[in-house]
Amino acid sequence: MRDFRAPFLALALIVILRTAWIADDAAITLRCVLNFLNGFGPTFNVAERVQAFTHPLWFLLISATSSMLGNIFVATFLLSILMSLASLWLLACKVSERALVGVFCVASLLLSRAFVDFAASGLENPLSHVLILGFFLSVSSWEKQPSERSALRSIFLVSLIYLNRPDLALLVLPLCLFVVGRSFRSTPRRTVGIVILGALPVVGWTLFSLFYYGFPFPNTAYAKLGTGIARHEVIVQGLRYLADSLIHDPITLALMTLALFVALKKRESHFSSKIPRLVGIGIVLQLIYVVFVGGDFMSGRFLTAPLVAALFIMGDLGSRSNNLGPAKIAVLFLGIPGIQSTLLSGSSYSDMHIRKSGIANERGYYFQQSSLFRHEKGIFSIRRWELSPMSIREACGGLGFQGMLAGPGVHFVDTCALADPLLAHLPSIPDSNWRIGHFYRSVPDGYEQSLLRDSNLLTDPHLSSYYESIRLIVRGDLFDPKRLREIMKINMGFIPTPDFKSYLQGRNSGVETSPKL
């Protein structure tokens, strides 16, 4: 049976190798890895402790692998490819008991542009897929034969999923509550202990982040959620994100819709397990979240995890039926129009167009620059990672590769605030044509001089007071009692925020509106 699936997994390897690339956002993480491995700390700019990545688990895994292999790009490509192959193997050989169902799952992912685009992009998607499938399989094993060990393993995997991408906790939340609830009814005290033990990775990292960075969540979260843009505008953009996927990659949402129909509409008596229905509820919650936050500027990036969850449902339920059903076969035909971007994607693949919605084909934009087999000369050649006299550079788009090529001596003022501790806590510049994921901030007067001289030279007195607090947190001595008190005060809302209206009306709104993604 497995031999029947082997050719499709071999085809998957070929497709992943041909489409492997490094996203610019992934390069932001890689610069943090280089700083970390060279003794400058897990941060983007060496002078400030800022968590510029959203995936601490992926960051740590790349760091460990790069340390062993001696090349950060080899490590990133290798991890991405292996993780994507592992998720395909899990779907084909572990989730799907029947070979034909396993082939359907593999074929579905290889026809999904969202999956192919981020199967090997340097971003955390492949590891998320493996962890999610591992969690579903762990719960399936626990449901058949409940034990404290399998319950602990399931909760532990939820912790790892959170550490790899915090917002994916919604996808696995219903199934996690199912495990905890059923366990609690039988052994309340033991269940509390299991939850505490399983949650230790999340607790440990959060405490570390609070102590080291000064904030419990990634800097990127503050930069993207505190923009000042009306929520209804963001939700409309989130609906555009789904519409973009429906137009340019219809098979992805079609697969999710089919899985939800099967999992949520049939009578429970048709199931021998509650798991598919709970996974379906998790998919709905995840899609609601995607719409709520406005989606992303990378087409399909936020849809790969719910897609993998949808195929778990079809792989699990399909293995119990006598055939795949005409609906499932019909869905595969939706992937044929985009086959040039998936199965037949070659070295000339390119798409530099940014749609009116602000959403773009990120792999198409960067593929000629940073793909595995075709890339710009020198893009994967990093000179010795050594400090040079500090200089200041403003950037937003293209921040990742600019940061890697410039070296640790260049301090980047990220005007989209992903890597900047002050700008992340300030509202974005009002703009009716704002682009999701690119929320430009005005650089306060005196900010660059403050960075160059390691002093607070901001001209706005209210903003200066606020910056003084942040400076102490991200630049002060780690164990300074005053710094620790400041961390508590700012996270509890005891630090007065500046007059944002005055800040936005400031004359210095200089931003480098790079067209890069």
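The preceding data block contains the structure.
Cut-offs applied
- Residues numbered from 1 in each chain as written.
- Predicted model: local features only at pLDDT ≥ 70, side-chain atom pairs only at ≥ 80, totals over all residues.
- Heavy atoms only, no water.
- Disulfide = S-S within 2.5 Å.
- Helix = DSSP H or I, 4+ residues; strand = E, 2+ residues; numbered from the N terminus.
- Buried < 20%, exposed > 50% of the residue type's maximum accessible area, 1.4 Å probe, protein only.
- 1 Å grid on protein atoms, 1.4 Å probe; cavity = no way out; pocket = protein on both sides within 12 Å on 5 of 7 lines; lining within 4 Å.
- Points joined across faces, edges and corners; volume = space filled by probe spheres on them.
- Nonpolar A, V, L, I, M, F, W, Y, C, P; charged D, E, K, R; others polar.
- Contact = heavy atoms within 4.5 Å.

Before we go on, may I ask you to explain the state of the cysteines in this structure?
Two cysteines joined by a covalent bond between their sulfur atoms form a disulfide. Applying the stated criterion to the full structure yields 1 disulfide. With its sulfur 1.8 Å from that of its partner, Cys396 forms a disulfide with Cys416. Across the disulfide from Cys396 to Cys416, rotation about the S-S bond amounts to roughly -90°, and the bridge is consequently left-handed. Of this pair, Cys396 sits in the loop between β1 (391–395) and α19 (399–406) while Cys416 sits in the loop between β2 (410–414) and α20 (447–453); the two residues are 20 residues apart in sequence, bridging distant segments of the chain. Among the residues examined, Cys396 registers a relative accessible area of 8% and is labelled buried. We classify Cys416 as buried; its relative accessible area is 3%. Cys396 supplies the cysteine sulfur nearest to Cys32, a cysteine that is in no disulfide, at a spacing of 15 Å.

Looking at this model, I keep getting lost on the layout of surface pockets. Mind explaining?
Regions of empty space are outlined by a rolling probe, equal in size to a water molecule, passed over the atoms. In this structure, the largest pocket occupies an estimated 630 Å³ of space. Taken together, 27 residues line the largest pocket, and the ones lying closest to its centre are Asp167, Ala221, Leu225, Tyr289 and Val293. Going through the elements one at a time, α9 (169–186), α12 (219–225) and α13 (231–248) are the ones with two or more residues in the lining of the largest pocket. Among the elements that take part in the lining of the largest pocket, α12 stands out by supplying 5 residues, more than any other. When grouped by side-chain class, the residues that make up the lining of the largest pocket number 16 nonpolar, 6 polar and 5 charged.

I tried to follow the environment of Leu253 on my own but got confused; where do I start?
Looking at where Leu253 falls in the secondary structure, it is placed in helix α14 (residues 250–265). Look at Leu253 and you get buried, because its relative accessible area is 13%. Sequence spacing of Leu253 and Leu242 is 11 residues, and the spatial spacing of their C-alpha atoms is 8.1 Å. Leaving out residues up to four positions away in the same chain, Leu253 has contacts with Leu242, Ser245, Leu246 and Leu303.

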